[in-house]
Amino acid sequence: MRWMTEAWRRIRSIGRRHEIERGLEEEIRFHVDQQIEKNERAVMSRDEARRRAMLRFGGMERVKEGTRDEFRSALLEDAVRDLRYGLRALRRVPGFTIVSSLMLALGIGATTAVFSVVNGVLVKPLPYPKPGELVSLEHTAPGVSDDADVSMSAALLFTYRDENHSFQELGLWNAGSDSVTGQGEPEQVQSLYVSHGTLQVLGAQPLIGRRFSQKDHTPGSPDTVMLTYGYWQRRYGGDGSVIGRRLTVDSRPRTVIGVMSEEFRFLNADPDLIQPLRFEREKLNLGQFSFQGLARLEPGVTLAQANADVSRMIPIWLNTWPTFPGIDRAFFEDVRLTPALRPLKEEVVGDVGSVLWVLMGTIGIVLLIACANVANLLLVRAEGRQHELAIRAALGAGWARIARELLIESLALGLFGGALGLALAFAALRLLVAIGPATLPRLNEITIDPTVLWFTLIVSVLSGLLFGCIPVAKHAGPQIARALRGSGRTSSASKERHRARNTLVVVQVALALMLLVGSGLMIRTFLALRAVQPGFSDPDHVQLVRVGIPETQVADEERVFRMQSDMRDRLAAIPGVSTASFTSSAPMEGGTSDSVLLAREQTSAERQSPPVRRFKFVSPGFLRTVGTPLVAGRDFTWAEVNERRPVVMISENLAREMWREPAAALGKHIRESTENPWREIVGVVGDVHDRGVQEPAPALVYWPALMENFFNDRVQAPRSVSFAIRSSRTGTEGFLDEVRRAIGAVNASVPLAQIRTLGDVYERSLARTSFTLVMLAIAAAMALLLGVVGIYGVIAYAVSQRTREIGIRVALGAQHGQLTGMFVRHGLVLSTIGVICGLAGAALLTRLMASLLFGISRLDPTTYVVVSLGLVAAAALASYVPAHRATVVDPVKALRAE
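**A word on the overall build of the protein chain**
Scanning the protein chain for helices and strands turns up 29 helices and 27 strands. Expressed as a percentage of its 898 residues, the buried residues of the protein chain come to 51%. Accessible surface, the protein chain: about 40,500 Å² in total, of which carbon and sulfur atoms supply 57%.

**Topic: the packing of aromatic side chains**
Each aromatic ring pair is specified by the distance between its two centres and by the angle formed by the two planes. Scanning all chains against the criterion turns up 13 aromatic pairs. Considering the side-chain rings of W317 and F332, the 6.4 Å spacing of their centres and the 85 degrees angle between planes classify their relative orientation as edge-to-face. Placement of W317 in helix α10 (residues 303–320) and of F332 in helix α11 (residues 329–335) is noted, with a sequence separation of 15 residues between them. Each member of the pair, W317 as well as F332, is classed as buried. One aromatic cluster is present, built from ring pairs that chain together F158, F279, F291 and W321.

**A closer look at the environment of A53**
Relative to the helices and strands, A53 is located in helix α3 (residues 46–57). Using a relative accessible area of 0% as the deciding quantity, one classes A53 as buried. Linking A53 and N39, residues 14 residues apart in sequence, is a C-alpha distance of 7.7 Å.

**Remarks on the pattern of salt bridges**
As enumerated under the stated definition, the model contains 33 salt bridges in all. Residue D216 is joined to R210 by a salt bridge in which the shortest nitrogen-to-oxygen separation is 2.8 Å. A salt bridge links R546 to E589, with the nearest nitrogen and oxygen atoms 3.4 Å apart. Remark: E589 occurs in the loop between β15 (577–583) and β16 (593–596) and R546 occurs in strand β14 (residues 542–548); sequence separation between them is 43 residues. Residue R546 is classed as buried on the basis of its relative accessible area, which comes to 14%. Through salt bridges with shared partners, a single network forms among E187, R234, R235 and D272.

**Section: the packing of helix α18 (residues 557–572) against helix α23 (residues 733–746)**
Packing of α18 against α23 leaves a shortest axis separation of 9 Å and a crossing angle of 145 degrees. For the crossing formed where α18 meets α23, the hand is right-handed. Contacts between α18 and α23 pair M563, D566, M567, R570 and L571 from the former with V739, A742, I743, A745 and V746 from the latter. Looking at the contact of α18 with α23 residue by residue, the class counts come to eight nonpolar, no polar and two charged.

**Description of the nonpolar core**
Core analysis: the largest hydrophobic core is formed by 141 residues, its most contacted members being L571 and V739. Not counting chain neighbours up to four residues away, the residues in contact with V739 comprise V545, L571, I574, I725 and L752. Of all hydrophobic cores here, the second largest spans 40 residues; its members include V150, A154, F291 and A295.

**Notes on the sheet that holds strand β12 (residues 338–339)**
Here three strands make up an open sheet; going across it, the order is β3-β2-β12 and the pairing antiparallel. One side of each edge strand has no neighbouring strand; the edge strands of this open sheet are β3 (149–150) and β12. As defined by bridge partners, strand β2 (residues 139–140) adjoins β3 across two bridges and the pair is classed as antiparallel. Residue pairing across strands places H139 opposite V150, the latter belonging to β3.

**A short note on the side chain of R613**
Relative to the elements of secondary structure, R613 occurs in strand β18 (residues 612–618). A polar contact of 2.7 Å, which involves the side chain of R613, links it to the side chain of E657.

**Here's the deal with unusual backbone geometry**
Its identity is not glycine, yet K130 carries a phi of approximately 45 degrees, on the positive side. Mapping K130 onto the fold places it in the loop between α6 (94–123) and β1 (134–137). Among the residues examined, K130 registers a relative accessible area of 60% and is labelled exposed. Of note, the phi angle at M588 is positive, near 65 degrees, even though the residue is not glycine. Residue position: M588 is located in the loop between β15 and β16.

**Considering the confidence of the model for the protein chain**
Averaged over every residue, the pLDDT of the protein chain is 81; residues scoring 70 or more account for 83%. Every residue in residues 6–11 scores below 50 in pLDDT, and together they form seven contacts with partners more than four places removed in sequence or on other chains. This stretch, residues 487–493, has a pLDDT under 50; its non-local contacts, to residues over four places away or in other chains, come to nine contacts.

What counts, and at which threshold
- Residues numbered from 1 in each chain as written.
- Predicted model: local features only at pLDDT ≥ 70, side-chain atom pairs only at ≥ 80, totals over all residues.
- Heavy atoms only, no water.
- Helix = DSSP H or I, 4+ residues; strand = E, 2+ residues; numbered from the N terminus.
- Buried < 20%, exposed > 50% of the residue type's maximum accessible area, 1.4 Å probe, protein only.
- Areas by Shrake-Rupley, 256 points an atom, 1.4 Å probe, with all protein chains shown as cover.
- Phe/Tyr/Trp six-rings, centres within 6.5 Å; stacked < 30°, edge-to-face > 60°.
- Salt bridge = Lys/Arg side-chain N within 4 Å of Asp/Glu carboxyl O.
- Axes fitted to C-alpha atoms, helices over the stretch in contact; angles between N-to-C directions.
- Left-handed = near helix turned anticlockwise from the far one by under 90°.
- Contact = heavy atoms within 4.5 Å.
- Nonpolar A, V, L, I, M, F, W, Y, C, P; charged D, E, K, R; others polar.
- Core = buried A, V, L, I, M, F, W, Y, C linked by side-chain atoms within 4.5 Å.
- Pairing = 2+ DSSP bridges.
- Polar contact = N/O pair within 3.5 Å; in protein donor to acceptor, adjacent residues only side chain to side chain.
- pLDDT = per-residue confidence, 0-100.

What follows is the structure, encoded as structure tokens:
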């Protein structure tokens, strides 16, 4: 603490400089007077006594200088003095200061905004106690495919809970939607379903009430529910007496037992309600991998040790639980379930990290270009101050003192730019969050927090040092004295004086080319994705609405299907509707399920284990509604579905996989387990990019919306379906009102959810690519603008420095075209060198972008050539404008000015 007290004393002393100086003079004068009196008592004259006293002290100024260090830090005071001088110098040139600050603000503001996103998504730890201990429970299945991911089942949870040596606690969770009724209009809400241990893993505590106990997860116990803070505020106005009230969820009354705090976040889910999962242990089997898992590691346990522990438990699970109906144990052995635990943060962030780091790097390049531009401006300013600096050096100012003054001036400029950039970052961050894809994780954690503020300060200081070092090295060295011997402002600038500025322009062009290439590749990627046929047509005219009928409301599966069919008929009768149908999962909507697929007449090579393929349920006419073509065969008929005949359709790629040709699949038979009937393939459907156009179209099985003996269920019908309605009126309020009335006429207790068009779903699949494209395009535009400004500045300065030479050339008969060409060639030479260097840099940069590209090589020659030519053309234009001014120089005025 002593050093802090001393430092504070010295800092305070700077503001009390005059007071301290007066006190110091009085103190020294007192001691001198005391010595004079002592000398006079030794029988000396007054003058001699004074002379002896002064000799004893060794000079007033020397004593003062030696004493001052006891009161203040000389270095710090000099720095403050230099800062004041630098601020006055910047104030005298407002144009230079404003332009430089705005350039820096542009670069620092953009960098700060993107770093805020990177910090919120990638850098910040998860908002839970000891987040480093949290892991996601995942598996792979090499026996199915190299990239097969397998989540968790209830049987795995009980096995891991009973047998593990690595976890403090673990749990399962899932997300879905439910209807809330009995309080005004029916409402569709997002629900989070958790097993016992899930909230405990995260250390989540409710704001009021309690969280789930073991009893809440026990089958047969009273139904309970927890509210999230947002839903509590929206539905109950933050009423604390909500605890103990009844809330009807999916026609089942539940008691509210707790409300989560405002800070509670559950990974990437944004639920309204939290409900307990309940498992009957005696009814579980080896299948049903339909849950996500998370766990908290024991202190000191590593991820590798936890994976080894799970590997030990998998054989225990395999031999403890009964097999899935219709699937023998050998199938699960052939799957070769393998643990793939990873930090929970990786699960939350996903693969967005590569996008954000690429964006961070590109915005950093923009900042470098801005610094290069400011360095060029500082070089021009320093060249104009050479005589001033030389005179100061001649009067005794050392190289270090002059360098310090120039650096402090640059640092002040950097801090100005940083302050303006921070203001821009606040606005830019709102834009980033607004245009960011909905799938961007941790979106609500993106803020300008103390970490971002420190980052901005560090970037501002480093930027000031970066662009300030160049004029310091160029003009503050020992060679400064040569300026006094120079020929004055009439001399033309030497090549040496232009070399640094030309080098900076080359760097700017090279960096701009790198960003333009990256942006060009993303444009080509976006166009390639747009060119992919998604497997459906005219999606903007297909309205999607999701409807769920819970078991507590309608128990009979066949009655559920009848209600869905009645809703479909009423929707089809709406004016302007050409066709309507329903499915368990619309294209690109997600929510498809996987199952084993057995084929009776498969002609391709037999597999060691049956393949696992995606499936969905569809009503007749669904393919026509969404515009998916039939490659071979036909669609289901309503008679087949109503009579529950064993028919099925498959995708084209699945037909080719099993029977090589789509037509060869017709009449063949498949089933989902050995205990179910064979079902005849009546149609082969065109491939649909169900996971987005950037992903290969998955092999799909289309089951009828009403089936018999599906996975041993007597009757199977999906309770939650998406209605697809083709109409030219999609999206209008009047049309949606008619849709609500049509569905409400069949079941008034059913709310509508996920109201959107198929076009909205399609655009969302492109959201990440669109976001990356927009960000890279903005960065490239900024880089191009700054690069062109840099070239313009160099050529304009060259013209101003060669005014006398231009006047002489014009007087001697030089043609205007020759003068213009001389300066344009200078700009083209600089830009060409920059392009050559930038091509090499772009080849390295695009290696980091490879995972973001689609249908295009990172070394695509068309992109590189077009961007290079475009940049050189822009450089030529930027050079032509100041060069053209050279042709209108009046030689008489030019020579007189010199």
